[in-house]
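The chain contents come next:
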Amino acid sequence: MPGVSARGLSLEERRQLAVNLTRVLSLYRSILDAYIIEFFTDNLWGTLPCSWQEALDGLNPPQLATQLLGMPGEGEVVRYRSVWPLTLLALKSTAYALAFTRTPKFQAPSEFRENPSQSSRLKAPFRKHVRPKKQHEIRRLGELVKKLSDLTGCTQVVDVGSGQGHLSRFMSLGLGLKVKSIEGDQRLVERAQHLDQELLQTLGKEEKRSPQVVQTHSHRSPHHVAQWVDPRTLCEEVLLPLETSPQGEARLLLTGLHACGDLSVALLRHFSSCPEVVALASVGCCYMKLSDPGGYPLSQWVAALPGHELSYRLREGACHALEEYAERLQRAGPGLRTHCYRAALETVIRHVQPKLRRPGVQGIPRVHELKIEEYVQRGLQRVGLDPQLPLNLAALQAHQAQENRVVAFFSLALLLAPLVETLILLDRLLFLQEQGFHSELLPIFSPELSPRNLVLVATKRPLGQAFSVLETEDA
């Protein structure tokens, strides 16, 4: 998807982009703030300009992917069936122009071309128990951390929010880095330690079989610590070195793979406040879990801008996978009707119990195989209401007839969602720059595999053109 490159923007360019983003988000806040399950109860279609309704009404899902989201299928040519209003075209162009591009610069061969379950660029022992998406992520982030560690002379990597330790194991046993892993869940720490031992045994057997082939960097497994990292205070465990360096002082690199919510903020605060921390490589996610206030905004510049506020709904929307949804639109599968069914269920819930709004509905299996009335009955049962309540079938079928409108409105919100993520990440860049640090955002993962793919890289001394080295894909 087109966009603005996050690399190499000056302070003034970053500030101006923040101004533009807050202005645009203020203009279209009603779309972003809307809950799609209230499509019928709040007449969301009627909130759109009439000219937009005319342009979007009747478009099927593949047409929405191609014309609205700008993601045509392979070999497909974009053809508009009517003249779109300039305001809608302006929205589409603005959404493209102001969002950070998530497309990596390098053109690497697909690592899953031969086998969709196994990365050809990650050795077999490191793929065990790891899904393809995670294989791609730990390899790419691990290799970037290794380069950044070499460039900044770090003596130790601290992986915060390490989970089962897949990234930590690759960095330590695969790349030879000294790694401390910090995870708040004791069960995950124990699982990580078990997987460490399993991998060490596997590597040991491979070396005995083929000592000339296996090139294991180190037999030093990560040092795992069960510790909750509070974003409001500095965590001493993060800063504690594994061993004294020859120079007498530790130089730490902090990393986090999809550090959830405030955890990514904690990494920023440790980097900015602690002299021992000289580098940072953080991929954030779960923006809706950011504390308010405290997690956003961080920079003085964004905090002073009118319209900078981001509600829970806006931050939650920024976590959606735009590329994945466009692919679903191109396939036009029956699963797209889920939002329409849920919105219809909401009308029934509020008719029966007006004060019950937006209740959580546990997953209903195989929604696409159900008639709308069957879905509503199961949904009523999920929220504790009588599933045998008499239903207005004509009204439900009328709602179902608007399925494409529901999909079109949801697609509009998704088109704008990357602007919210851009503002959150831009705020972090400005926060670091206001303190005199050097930072960049680099698209590191394939967005089709991992939509939250922008890694924030920060150092306390200028690296100049060395940042470009971090973007490259090793042969």
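Residues numbered from 1 in each chain as written. Predicted model: local features only at pLDDT ≥ 70, side-chain atom pairs only at ≥ 80, totals over all residues. Heavy atoms only, no water.

In the nomenclature of an unreviewed UniProt entry, the chain is known as Methyltransferase like 25B of Myotis lucifugus.

Things to note about the overall build of the chain
From N to C terminus, the chain includes 19 helices and seven strands. The C-alpha radius of gyration of the chain comes to 24 Å, within 12% of the 23 Å expected for a compact globule of 475 residues. Expressed as a percentage of its 475 residues, the buried residues of the chain come to 53%. Sequence-distant contacts, at least 24 apart, represent 75% of the contacts inside the chain between residues at least 6 apart. Split by element, the accessible area of the chain, about 21500 Å² in all, is 51% carbon and sulfur. Once the 54 positive and 49 negative side-chain charges of the chain are each reduced to a mean point, those two points are 2 Å apart. (Helix = DSSP H or I, 4+ residues; strand = E, 2+ residues; numbered from the N terminus. Rg over C-alpha atoms; globule rule 2.2 N^0.38 Å. Buried < 20%, exposed > 50% of the residue type's maximum accessible area, 1.4 Å probe, protein only. Contact = heavy atoms within 4.5 Å. Areas by Shrake-Rupley, 256 points an atom, 1.4 Å probe, with all protein chains shown as cover. Lys, Arg positive; Asp, Glu negative; His and termini not counted. Charge placed at Lys NZ, Arg CZ, Asp CG, Glu CD.)

Here's the deal with the pattern of salt bridges
Evaluated as defined, the whole model comprises 23 salt bridges. Across the pair R139 and E143 runs a salt bridge whose closest N-O atoms are separated by 3.3 Å. Residue R139 and its partner E143 are located together in helix α7 (residues 132–152), separated by four residues, close to a single helical turn. A salt bridge links E346 to R350, with the shortest nitrogen-to-oxygen separation between them at 3.0 Å. (Salt bridge = Lys/Arg side-chain N within 4 Å of Asp/Glu carboxyl O.)

Here's the deal with helix α18 (residues 403–434)
The end-to-end C-alpha separation of α18 is 47 Å, in line with the 46 Å expected for 32 residues at 1.5 Å each. The buried fraction of α18 is high, at 28 of 32 residues. Note on α18: the residue one or two positions beyond its end, G436, has a positive phi of about 90°. (Expected span 1.5 Å × (residues − 1).)

Notes on the nonpolar core
Formed by 113 residues in total, the largest nonpolar core has its most connected members in I31, F39, L56, F100 and L412. For this core, the leading source of residues is α18, giving 20 residues. If we ignore the near neighbours within four places in the chain, the residues touching L412 are I31, L48, W52, L56, L68, L88 and L91. Counting residues in each nonpolar core, the second largest holds 33 residues, with C154, F170, A281 and F445 among its members. (Core = buried A, V, L, I, M, F, W, Y, C linked by side-chain atoms within 4.5 Å.)

Remarks on the side chain of R102
Within the secondary structure, R102 sits in the loop between α5 (86–98) and α6 (124–127). Of the polar contacts made by the side chain of R102, one reaches the side chain of E323; its length is 2.6 Å. Once residues lying within four places of it in the same chain are set aside, the contact partners of R102 are L322, E323, P418, E421, P443, F445, P447, P451, R452, N453 and L454. (Polar contact = N/O pair within 3.5 Å; in protein donor to acceptor, adjacent residues only side chain to side chain.)

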